[in-house]
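Descriptive analysis of the structure
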Amino acid sequence: MSIEDYGGGQSQSDVLVVTTNDVPGYAVQRVIGEVFGLTVRSRHVGSQIGAGLKSMIGGELKGLTKTLVETRNQAMDRLVEQARSRGANAVLMFRFDVTEAADVGTEVCAYGTAVVIAPRS
């Protein structure tokens, strides 16, 4: 597997997503409000067995790592789509929240504040 299989983040998009409170060189014109993208993924039985075996000898659980990256990317894509549909061109204070969902899977929530930004004059 290549590094792209383990990376995440934003590809080219008309909605800028940042973890900061602001964007250098830009001013917030309008605050739209909180947006989020949510997904819940169940674990594959085969990956659970493999993870159990791997945990006995140590090392990275590559299958689970790849699944979590895909899950986070899906949550982020949903966040961007919600921001876009509400008229935002940026999301500030972007974060992830990851929790166990009733022992059947992992819930990943991407959230932030949707805003409209414009270059400072």
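In this report, the structure presented in the accompanying data block is examined. (Residues numbered from 1 in each chain as written. Predicted model: local features only at pLDDT ≥ 70, side-chain atom pairs only at ≥ 80, totals over all residues. Heavy atoms only, no water.)

**Observations concerning the nonpolar core**
So the rule is basically this: Residues enter a nonpolar core if they are buried and are Ala, Val, Leu, Ile, Met, Phe, Trp, Tyr or Cys, with the set joined through side-chain atoms within 4.5 Å. Classification of residues uses two cut-offs on accessible area relative to the type maximum, computed with a 1.4 Å probe and protein chains only: under 20% is buried, over 50% is exposed, and between them is partly exposed. Helical segments are the DSSP runs of H or I of at least four residues, strand segments are the runs of E of at least two, and each set is numbered from the N terminus.
In terms of nonpolar packing, the biggest core is built from 16 residues, with V17, V35, L79, A83, V91, F94 and A114 touching the most fellow members. Elements supplying a minimum of two residues to this core: β2 (26–42), α2 (62–85), β3 (90–101) and β4 (105–119). For this core, the element with the highest residue contribution is α2, accounting for five residues. Counting residues in each nonpolar core, the second largest holds six residues, with V18, V23, A90 and I117 among its members.

**A short note on the packing of aromatic side chains**
Definition in use: Put simply, two rings from Phe, Tyr or Trp (the six-membered ring, in Trp's case) pair if the centres are within 6.5 Å, and we call them stacked under 30 degrees between planes, edge-to-face over 60, tilted for the rest. Put simply, a charge is over a ring when the Lys NZ or the Arg CZ is close to the ring centre, within 6 Å, and near the line of the ring normal, within 35 degrees.
Enumeration over the complete set of coordinates arrives at one aromatic pair. A ring pair is formed by F94 and F96, whose centres lie 5.0 Å apart and whose planes are at 75 degrees; its orientation type is edge-to-face. According to the relative accessible area criterion, F96 is partly exposed, its value standing at 24%. If you follow R72 out to its NZ or CZ, it ends over the ring of F96, 3.8 Å from the centre.

**Side note on the pairing of β3**
Under the convention used in this document: For two strands to be treated as a pair, DSSP must find no fewer than two bridges joining them.
Across two bridges, strand β1 (residues 16–17) lies against β3 in parallel orientation. When the bridges of β3 are listed, V17 appears paired with V91. The pairing of β3 with β4 spans ten bridges and is classified as antiparallel. Bridge pairing in β4 places E100 opposite T106.

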